[in-house]
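Reading the structure
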Amino acid sequence: MALVGRNGTLHSTLNFFRVLVIFLILIFIAFPVVWILSTSLSQRISMFKLPPKLFTSFILDNYKYVFSHMAITSWIFNSLLISVGTMVFSLIIGVPAGYAFSRIEFKGKKLLLVMILLTRALPTIVLVMPFRVIMQNFGLLGTRTAVILIDTVYNAAFTFWLMSGIFESIPSELEDSARIDGCNPVQAFLYIAIPLSKPGLVTSALFAFIFSWNDFLFALTLTSPDTTTLPLGMLSTFGILQQGWTYMAAMGVLAIFPVILLSLLLQKYYVSGLTFGGVK
Amino acid sequence: MSLSDLLAIDKKKRALMWFLVPISVYMIIFFLYPVIYNILIGFTDLKLGRTPGYNGLANYSEMLSDDQFLKSLITTLVFVLGAVSVEVIFGLLIAFLLNHENRLMEFIRTFILIPTVFTPLVAGLVWKSLYHPDLGMITYYIRKLGIDIGRGLIVERSLALGAIIVVDIWEWTPLMVIILLAGLKSLPTEPYEAARIDGAGEVPIFFRITLPLLRPTLLIALLIRSLDALKVFDIIWAITGGGPGTSTTVANLRIYEVGINQLRVGYAAALSNVLLIIGVVIGLIFIKYIYKKEG
C-alpha cells in the first residue's frame, strides 16, 4: 500500500526524506547495542578518554574477568532455571485451559477471561508486595520457586489468551471425527489439536522465557544472594566496581545475547506474540 | 441432534472442564488472593514482623497529605503521557515509512525489534553510561553541539525525567510500529481507490481515510502501552534510582521505598491500591473494547 507520493518530484523528495529518516531511526536503535558490544571488548582505560570512541580494541579480558571474579555462572544458572521453570509451568497450565476455553461454553466463562486479562493490567508492584508476605508465610521467600510462581501468573495468562485464539482458528471437526473413531477428548487434544498448534506453542514458550529472563523487579524482591539472577547480580557489582563499565558491558552482552538471538531466530513467532491482546 | 450426540457433547464438556481447573486454582491462589490480601492490608498498619492492627481509613487519609506520594503520582502521569504520546506519533510515522514490501524493509522490521527484547535493566545501565555527566558519549556530543545541559542530563532535576522518557521511547516505539503496521496492512483498499478517482490528495487521504480507519488499532496500541508504561521500574532503578531528589521517583519506586525499605507494608499496600484502581480501570476499558471488536 504505497500511498505516499506517486507522482514526479513529490515522489523523489519523499523518497529522500524516507531514506534519511529510516537511517536516523536505525542509528538511534542500534546505538546502545553497538555501544555495549564495543565497550565489552575495550580496555578499561579507553573508557576515560574524550572524545569517546567505539571499537578501540577487541579484547576478551572483560569476559575473562567476570567469569573468574564474579559469581556470574551461578547467576546465569539461576536465570536459566527460573526462565525454563516458568516456561514449562506456564505451558502446562495455560495450554490445556486455552484449548478447553475455545471448545466449550460454560458458566463463568466471561469472568475467567476478565481475570486472565486483568493480569496484564495489574501494575507489577501491586502483586509483588503482597506476594512477598505470602511467600514468607509459605517459607518460600528467597527461593527460585517464588520467582517462578509469580512469573507464571503473567505467563500462564498470556499462554492461555494466545492459545485460546489459536485453537479457535483450528476447526473442531477433525477432533469430532476422531472421537467417533474412539478417541477420548484428552486424546483428541493431545494427538490432534496440539500438533496443529505448534506456532502458538513456540510463541508461548518464547515469551515465557524472555519475560522471566528479562525480569528484574521480581528477582529483586523475592530472591536471596544464593538465588540471584543475572540482571540483579550485574547491578550488585555495578556499585562495587566503580566505573567498571567494561565489566558491566561484558555481563550485559551475556544477558541480552540469548534473548536477542531467540527473538531473531523465531522472528515470526516473536512478532505474533508482541501484538498480544488485540491485534491478530 | 440425536441423544447419543448430546451425550457425547456432555462427555466432552465434562472432560474439558478439568482442563480449566489448574489455571483457575492457580490464578485464585497466586493472583486473586494476593490482590485481595493487598486491598485488606491497606486498612491495617502492618509492618514486617509485627502483628497488624486494623486502622480503618487512616492510611488513605495519610495519603492525601503525603506530598512525596502525590508528587510520585504526578511524575508517573508525566512519564506515561510523555512516553506514550511520543511513541504513538513516532510509531505512526515509522510504520508509514516501513509499509513497503521489499527486502530492506523486511530486514529493518526485524532489526527495530531489538530494543523490545533487550533486558530492561541492562538497557538502563547502558543508557546511564551514555548519559554519564563527564564521560558519557551522549553528554559529550550534546555539549559539543553547544546545548546547555548544566551538570548533566541525569544530574539536573529538570532534565532527568526527560532523559528517562527517551529511553522508554527507544525501548517501546518498535512495538507501536509493529502493531500499527499490522493495522495498516489490514486496511481495506476500496476507500482509497474511490478517493483517488475523486482526485483527492495524499494528505487529505491520510487525515480523512487512513487515520479514522486506523483508530481501533491506535486505541488498542495506546491502551497496551499505557498499561505497560504504568509498570515502569527497571530502567529508572538502573539510571537514576528515582533521583536527583525525587525528580524521577514514579509511584512504583515510591511504593517500593515505603514497603520494602521502610517496611511499612500496610501503608505501601494502600498506596499501591491507588495504582491497582488506575490499572483496573484502563484494563476494563481495554477488555470492553476487545469484546466490542469481536462482536
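Structure shown above.
A few points on the structure. (Residues numbered from 1 in each chain as written. Chains lettered and ligands numbered in written order. Predicted model: local features only at pLDDT ≥ 70, side-chain atom pairs only at ≥ 80, totals over all residues.)

1. Let's talk about the overall build of chain B
Going by this rule: Note on conventions: DSSP H or I runs of at least 4 residues are helices, E runs of at least 2 residues are strands, and numbering of each starts at the N terminus. Remark: C-beta atoms are placed from the backbone, and a residue is labelled buried if 20 or more other C-beta atoms sit within 10 Å of its own, exposed if 12 or fewer do, or partly exposed between those counts. What counts as a contact here is a pair of residues whose C-beta atoms, placed from the backbone, lie within 7 Å.
The number of helices and strands found in chain B is 13 helices and 0 strands. Its helices and strands in sequence order give chain B the pattern α-α-α-α-α-α-α-α-α-α-α-α-α, from N to C terminus. Seen through its C-alpha atoms, chain B measures out along the principal axes to roughly 80 × 70 × 30 Å. Burial statistics for chain B: of 295 residues in total, 42% are counted as buried. Residue pairs at least 24 apart in sequence account for 71% of intrachain contacts in chain B once pairs closer than 6 positions are excluded.

2. Some remarks on the packing of helix H3 (residues 67-98) of chain B against helix H8 (residues 157-185) of chain B
Residue and element names in this part refer to chain B. To keep it simple, the criterion reads: Here, axes are lines fitted to C-alpha atoms. For helices the fit covers the stretch in contact, and angles between N-to-C directions go from 0 to 180 degrees. Note on terminology: angles under 35 degrees are roughly parallel, angles over 145 are roughly antiparallel, angles of 65 to 115 are roughly perpendicular, and the others are oblique. Here a crossing is called left-handed whenever its near helix is offset anticlockwise from the far helix by less than a right angle, and right-handed whenever the offset is clockwise. Residue polarity follows a fixed list, in which Ala, Val, Leu, Ile, Met, Phe, Trp, Tyr, Cys and Pro are nonpolar, Asp, Glu, Lys and Arg are charged, and the others, Gly among them, are polar.
In contact at an axis separation of 6 Å, H3 and H8 are set at 45° when each is read in the N-to-C sense. The orientation of H3 relative to H8 falls into the category oblique. Crossing geometry of H3 relative to H8 is assigned as right-handed. Looking at side-chain class alone, the contact of H3 with H8 contains 19 nonpolar, 4 polar and 2 charged residues.

3. Here we look at the nonpolar core
Note the cut-off: Each nonpolar core reported here comprises buried Ala, Val, Leu, Ile, Met, Phe, Trp, Tyr and Cys residues connected via C-beta atoms within 7 Å.
Counting residues in each nonpolar core, the largest one holds 159 residues, and the members touching the most others are Ile150 and Met251 of chain A together with Ile164, Val177 and Ile236 of chain B. The element best represented in this core is helix H6 (residues 144-168) of chain A, accounting for 16 residues.

4. Examining the packing of H3 of chain B against helix H10 (residues 202-229) of chain B
Residues and elements named next belong to chain B. Remark: H3 packs on H10, axes separated minimally by 10 Å, with the N-to-C direction vectors making an angle of 145°. Viewed along their axes, H3 and H10 form a crossing whose handedness is right-handed. Facing Phe79, Val80, Ala83, Val84, Glu87 and Val88 of H3, the residues of H10 in contact are Leu218, Ala221, Leu222, Arg225, Ser226 and Ala229. Looking at the contact of H3 with H10 residue by residue, the class counts come to 9 nonpolar, 1 polar and 2 charged.

5. Some points on the interface of chain A and chain B
Contacts between chain A and chain B engage 83 residues on the former and 84 residues on the latter. Among the elements that take part in the side of chain A that touches chain B, helix H1 (residues 8-40) of chain A stands out by supplying 11 residues, more than any other. For the side of chain A that touches chain B, the residue count by class is 66 nonpolar, 13 polar and 4 charged.

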